[in-house]
Amino acid sequence: MSTSRWHGHAMKRTAALVGCTALVLSLTAATAQARPGHHPRDTARQTLPANDGWASHGTGTTGGADAARERVFTVSTWAEFKAALAVEGTAPRIVKVKGTIDAVSEGCEAFAAPGYDFDAYLEKYAPESWGRETDLSDEPDDSPEGLRRASAERQDRSIKASVPSNTTIIGVGRDAGLKGASLQIKGVDNVIVRNLTFESPVDCFPQWDPTDGDKGNWNSEYDSAVVYGSTHVWLDHNTFTDGEHPDSAAPTYFGMLYQQHDGQLDIVKGADYVTASWNVFTEHDKTILIGNSDSESTAAVDRGHLKTTFHHNLFKDLVERAPRVRFGQVDVYNNHFVAGEDYSYSFGVGKESQLVAEHNAFTLPDGVSPAKVLKKWSEAPVTAAHNRVNGRSVDLIAVHNAQIPDETLQSGAGWTPTLRTKVLPAWAVPFVVGHGAGAGRLR
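Just so it is clear, the structure is predicted and the values come from calculations on it, not from any experiment.

Let's shift gears to the overall build of the protein chain. Along the protein chain, the regular secondary structure elements total eight helices and 30 strands. Projected onto the principal axes, the alpha-carbon positions of the protein chain cover approximately 80 × 60 × 45 Å. Burial status across the protein chain gives 55% buried among its 443 residues. Considering only intrachain contacts with a sequence separation of at least 6, the fraction spanning at least 24 residues in the protein chain is 73%. Only carbon and sulfur atoms are counted for the fraction: they give 50% of the accessible area of the protein chain, which is about 19000 Å². For the protein chain, the centre of its 42 positive side-chain charges and the centre of its 55 negative side-chain charges are spaced 11 Å apart.

Here you go:
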């Protein structure tokens, strides 16, 4: 290459980096904007900017921005955290989390019911003696399964924390988080959760179901965060991870993985107007579920709801469900998906879903086809445009249909998102998201 051509290429690369840096700064500043009077310099009182995804629809999302001084709490233990959320009334409140709070600091043994013995459980329900035709639902309370149920109920009561309406939960500094907890945003309105690292809760007492599939399965409970029948929820600059308990370190029993994780984020039961921005979702299997069933009873609740936006998130080393969608109008733009060795798919196209996936970047390992990005679970149209895979523009629907003709997808979700912040070209997304997403990067 001639010297002049080399300098030309170098100048172009430098200009691109400068442009990306400017985009990082401008977009980071945009996330810090707040409505007048809501103290934008105090991150705990920041509100969701106008037009920032579905959570900005209608009344918008302000969380606890207007909290009186006596309703601002700084907590550093699980007991303090739950107590702050339990303070009476739905007037605005702010809960500031300092350091990492462990909801299971005493270990799984603290939840075990008297008489519970895991070895006895394994002996009783081993497939060679119990078989694979009968589930454990009719087992009495004094059986190994009954004692497991009692133990699971103890954990359930302890690690779940219910979030009231008009609440902001925010981490202080760079190392704030919740470990082993399940945040329940259930039947409320106007909630903000920011700047926290969520280490996925570990189900201490998974249930064996011999009838689940051909070989049986271990089924677990507890998502890091659940948005259940709630409206106007903003999840921003959080990190969701399996942390010290990755599935890769889990043992196998009865020939199946002893699964102790459920999801990282579920949006279900008629929840609506949710924005998830600048988060990191990493090291997980079944990551995000929007709408949890195809049943008609569920459909009656979910149809017309589950409107959710995902933008500027990093989805890294996940297996599937980023997200898996039923029913909702879901807008996924300007996210970076980095697949690992166990990658199955990113977008699950489910019953009556209306998914729009645009201006995203995908980094796939050698040998993994872009056809795997979309997974068809039900007949539903999807919009997927202006996406890039490993630095090249790819028509995700066309490549999927060409390589997986038995799961042909229809193009055109039937709606056009309008509630968006500045949309980046997909080529800029890896740099911008890599420098701005996750807990500890809130400005």
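This model, assessed by the stated rule, comprises one disulfide. There is a disulfide in this structure between C108 and C204, and the S-S distance comes to 2.0 Å. Taking the sign of the torsion about the S-S bond as the criterion, the disulfide between C108 and C204, at about -70°, is left-handed. With C108 in the loop between β2 (93–102) and α3 (118–125) and C204 in the loop between β7 (197–199) and β8 (207–209), this pair connects stretches of sequence that are 96 residues apart. According to the relative accessible area criterion, C108 is partly exposed, its value standing at 28%. By relative accessible area, which is 8% here, C204 ends up buried.

For the rest of this paragraph, the subject is helix α7 (residues 396–403). Listed in full, the buried residues belonging to α7 are L396, I397, V399, H400 and N401. Next to the buried residues of α7 lie β26 (361–363), β27 (374–376), β28 (382–385), β29 (387–389) and β30 (392–394). If you check the start of α7, you find a side-chain oxygen 3.2 Å away from the backbone N of I397, and it comes from D395.

Assignment of secondary structure puts Q329 in strand β22 (residues 329–333). Judged by its relative accessible area of 18%, Q329 is buried. Those residues in contact with Q329, other than ones at most four positions away along the chain, are W54, H305, L306, K307, T308, Q354 and W415.

To continue, consider the environment of G438. Structurally, G438 is set in the segment after α8 (429–436). On the basis of relative accessibility, which here comes to 1%, the residue G438 falls in the buried class. On a C-alpha basis, the gap between G438 and D236 in space is 8.1 Å, while along the polypeptide they are 202 residues apart. Those residues in contact with G438, other than ones at most four positions away along the chain, are H237, N238, T239, W278, N279 and V280.

This part covers the packing of aromatic side chains. This structure, assessed with the given rule, holds 26 aromatic pairs. Geometrically, the ring pair formed by Y125 and W130 is edge-to-face, given 5.1 Å between the ring centres and 80° between the ring planes. Ring geometry for F281 and F315: centres 5.2 Å apart, planes at 10°, overall stacked. Taken together, the residues F281 in strand β17 (residues 280–286) and F315 in strand β20 (residues 314–320) connect sequence positions 34 residues apart. With relative accessibility at 0%, the residue F281 sits in the buried group. A residue is classified by how much of its surface remains accessible, and F315, at 2% relative accessible area, is buried. The rings of F118, Y121, Y125, W130, W208, W218, Y253, F254 and Y258 are connected pair by pair, giving a single aromatic cluster. One residue, K186, lies across the ring of Y228, its end atom 4.5 Å from the ring centre.

Here the largest pocket is characterised by a volume of approximately 860 Å³. Residue lining of the largest pocket: 39 residues in total, with S220, E221, D223, D262 and G263 positioned closest to the centre. Mapped onto the lining of the largest pocket, the elements with two or more residues apiece are α5 (144–159), β5 (182–186), β9 (217–219), β10 (225–228), β14 (256–257), β15 (265–268), β17 and β18 (288–290).

Now for the sheet that holds strand β21 (residues 324–325). Pairing is parallel in the open sheet, where eight strands are placed in the order β3-β5-β10-β15-β18-β21-β24-β27. At either margin of the open sheet sits one strand with a lone partner, and together these are β3 (160–162) and β27. The pairing of β21 with strand β24 (residues 347–349) spans two bridges and is parallel. Each residue of the ladder has a partner; that of R324, found in β24, is G348. Against the sheet, helix α2 (residues 78–86) engages β3 and β5, with an angle of about 30° to β3. Contacting β3 and β5, α5 runs over the sheet at an angle of about 40° to β3.

The next thing to look at is the nonpolar core. If you look at the biggest cluster of nonpolar residues, it comprises 86 residues, and the most contacted ones within it are F81, L183 and F310. With residues up to four places along the chain from it excluded, the contact list for L183 reads F81, A161, V163, I169, L178, V193, F198, D223, S224, A225 and V226.

Here we take up the environment of P144. Here P144 shows up in helix α5. In the structure, P144 is positioned 262 residues away from D406 in sequence and 44 Å away in space, judged by C-alpha atoms. Filtering out sequence-adjacent residues up to four positions away, P144 remains in contact with Y116, A120, Y121, K124 and Y125.

Basis of the calculations
- Residues numbered from 1 in each chain as written.
- Predicted model: local features only at pLDDT ≥ 70, side-chain atom pairs only at ≥ 80, totals over all residues.
- Heavy atoms only, no water.
- Helix = DSSP H or I, 4+ residues; strand = E, 2+ residues; numbered from the N terminus.
- Buried < 20%, exposed > 50% of the residue type's maximum accessible area, 1.4 Å probe, protein only.
- Contact = heavy atoms within 4.5 Å.
- Areas by Shrake-Rupley, 256 points an atom, 1.4 Å probe, with all protein chains shown as cover.
- Lys, Arg positive; Asp, Glu negative; His and termini not counted.
- Charge placed at Lys NZ, Arg CZ, Asp CG, Glu CD.
- Disulfide = S-S within 2.5 Å.
- Polar contact = N/O pair within 3.5 Å; in protein donor to acceptor, adjacent residues only side chain to side chain.
- Phe/Tyr/Trp six-rings, centres within 6.5 Å; stacked < 30°, edge-to-face > 60°.
- Lys NZ or Arg CZ within 6 Å of the ring centre and 35° of its normal.
- 1 Å grid on protein atoms, 1.4 Å probe; cavity = no way out; pocket = protein on both sides within 12 Å on 5 of 7 lines; lining within 4 Å.
- Points joined across faces, edges and corners; volume = space filled by probe spheres on them.
- Pairing = 2+ DSSP bridges.
- Axes fitted to C-alpha atoms, helices over the stretch in contact; angles between N-to-C directions.
- Core = buried A, V, L, I, M, F, W, Y, C linked by side-chain atoms within 4.5 Å.

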